[in-house]
Amino acid sequence: MNYTLKIWRQKNAADSGSFVSYKVENIDGETSFLEMMDVLNQQLVTRGEEPVAYDHDCREGVCGMCSMYINGRAHGPNELTTTCQLYMRHFKNGSTIIIEPWRAKPFPVIKDLMVDRSAFDRIQQAGAYISMNAGSAPDANNIMISKEAADAAFEAAECIGCGACVAACKNSSASLFVSAKLAQFALLPQGQVERYQRTLNMVQAMDAEGFGSCSNTSACEAECPKGISVKHIAMMNRDYLKATMCSEKVMS
Amino acid sequence: MSWTKDYFTSTIGRKFLMSITGLFLVFFLIEHLAGNLLLLLGDHGLTFNAYSDTMANNPIIRIVEIILFLSLIIHPVQALILTQRNRGARKTGYAVSKAGETSSWASRNMGILGSILFVFLVLHIANFFVSARFGDLGIDANGNKDIYTKVVDSFSMAWYSLFYIFCFLALGFHLIHGILSGFKTLGLSHKKYLPVVKSIGIILTVLFTIGFISIPAYFLINMII
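Keep in mind the model is a prediction, meaning the values are calculated, not measured.

**Things to note about the interface of chain A and chain B**
Between chain A and chain B, the residue contacts involve 39 residues of the former and 36 residues of the latter. Mapped onto the side of chain A that touches chain B, the elements with two or more residues apiece are strand E5 (96–100), helix H6 (195–208), helix H7 (219–223) and helix H8 (231–246) of chain A. Here the side of chain A that touches chain B takes eight residues from H8(A), the largest share from any one element. Split by residue class, the side of chain A that touches chain B holds 17 nonpolar, 13 polar and nine charged.

Below, the structure written as structure tokens:
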């Protein structure tokens with residue numbers, strides 16, 4: 001199959017950037033989107049042109065590196081799919097595919113389709129951990145956890161931090177990401193000790209990075225490749241209120 | 001009290017303010033619609049005027065009125081602050097966006113819908129509330145202020161009725177997302193109760209839209225016949 005690609009090219013963060021059209025030919029339907037991009041880059045290298053820079057790592061849908069806003073959708077048109085797990089059979093032969101980087105001020109473009117998502121790392125560093133003494137491994141089942149709680153926490157922990165929630169949100173809100181990172185601890189007994197302090201710290205870090213507010217459009221849930229539920233956002237809101245009103249700690 | 005400032009200037013805290021004021025306004029609309037439907041009784045507004053008189057002279061209502069006006073100010077002010085922040089969070093937009101595939105139209109246009117409602121409220125309050133409370137209206141057969149005649153006069157202008165109908169449609173779209181969203185913002189999301197809240201939200205939205213539209217529509221139809 002043949003495609004026309006309209007790709008956002010931007011030399012560096014300071015460059016204004018623009019779309020450039022490319023043609024790729026004889027692409028098999030079983031080719032993944034990133035493999036198709038590799039084919040394009042090989043052509044560019046052969047021609048002596050600068051290849052398109054884009055993030056990728058595991059190509060198994062679990063690392064969260066691949067981004068790309070494809071034809072107006074984060075990670076392309078399919079649900080529960082990262083760009084690396086998106087196949088060319090989903091695109092009509094002869095069609096034009098428009099590829100843009102994530103657009104959000106806290107995710108500045110580094111080059112072409114690569115954005116700097118270290119804002120997510122800083123939010124995690126603000127509280128996405130539990131404090132404990134690292135010794136020998138504790139006995140199994142020392143802390144009883146119900147199957148339901150374990151499953152619910154795991155559901156939240158599935159977040160791969162790809163940033164599709166921010167990219168898809170009309171407000172560039174990071175609420176889904178932050179709430180998932182909070183919920184994976186808040187739903188387990190080990191997460192209770194620092195639960196409210198963690199919520200205060202991470203919400204403040206989220207705001208400090210300049211992400212927008214949540215309008216409950218649920219676009220994030222629809223675009224999340226891991227299907228993280230917006231119910232976690234409600235829990236974050238609840239915990240943030242509790243942390244402010246009930247905790248005796250006063251934030252500096 | 002820096003912790004209260006921290007909360008109410010955070011994105012979640014501002015949404016909390018929008019949520020409680022918005023839900024209070026929804027609560028108010030139940031009362032407002034119930035009272036306004038008295039206009040359709042066909043008794044030349046005697047019951048409606050008596051009801052308006054009771055409301056105007058009830059001290060509890062006068063106190064709640066202050067909360068009402070505060071809500072009408074806080075809700076749009078917080079919306080403006082957050083909208084400005086949200087716009088700043090995406091300086092460069094997408095060349096192509098298929099937001100319609102992942103979210104509802106109403107949820108993405110709450111600001112525009114809210115702006116229509118704000119313009120409506122300024123005109124509505126200036127025309128009815130100010131003249132009912134401070135204006136020099138006549139007296140009806142029971143000796144109450146004749147607000148009914150003011151209503152009839154206003155809706156005798158077809159454009160005024162049509163403008164009201166348009167604004168109530170905007171209200172419907174605003175509430176179909178707003179009521180459920182308000183509960184989620186407060187953190188009141190529960191597997192058992194959220195579907196109930198959703199259903200109540202839809203029922204209230206339909207009731208408000210049809211109920212409020214019925215009043216200008218009634219006067220419009222009367223004018224045509």
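Next comes the rest of the description.
**Digging into unusual backbone geometry**
Excluding glycine, residues mostly have negative phi values, and the peptide bonds linking residues are mostly trans. Residues and elements named next belong to chain A. Positive phi, close to 55°, is recorded for asparagine 26, a residue that is not glycine. Relative to the assigned elements, asparagine 26 resides in the loop between strand E2 (18–24) and helix H1 (33–46). Backbone geometry places arginine 59, a non-glycine residue, at a positive phi of 55°. For arginine 59, the location among the structural elements is in the loop between H1 and strand E3 (69–70).

**Concerning the packing of helix H2 (residues 11–36) of chain B against helix H4 (residues 59–88) of chain B**
All names here are of chain B. Following both chains from N to C, one finds H2 and H4 inclined at 140°, their axes separated by 9 Å at the closest point. The pairing of H2 with H4 is recorded here as oblique in orientation. Relative to H4, the crossing made by H2 is left-handed. Across the interface between the two elements, Thr11, Arg14, Leu17, Met18, Thr21, Gly22, Phe24, Leu25 and Phe28 of H2 pack against Ile67, Leu68, Ser71, Ile74, His75, Gln78, Ala79, Ile81 and Leu82 of H4. Here the contact of H2 with H4 is composed, by residue class, of 11 nonpolar, six polar and one charged.

**Observations regarding the pairing of strand E1 (residues 3–9) of chain A**
Across seven bridges, the pairing between E1(A) and E2(A) is antiparallel. Note on E2(A): the bridge partner recorded for Lys6(A) is Ser21(A).

What counts, and at which threshold
- Residues numbered from 1 in each chain as written.
- Chains lettered and ligands numbered in written order.
- Predicted model: local features only at pLDDT ≥ 70, side-chain atom pairs only at ≥ 80, totals over all residues.
- Contact = placed C-beta atoms within 7 Å.
- Helix = DSSP H or I, 4+ residues; strand = E, 2+ residues; numbered from the N terminus.
- Nonpolar A, V, L, I, M, F, W, Y, C, P; charged D, E, K, R; others polar.
- Axes fitted to C-alpha atoms, helices over the stretch in contact; angles between N-to-C directions.
- Parallel < 35°, antiparallel > 145°, perpendicular 65-115°, else oblique.
- Left-handed = near helix turned anticlockwise from the far one by under 90°.
- Pairing = 2+ DSSP bridges.

What is shown is where atoms sit, not what they do.
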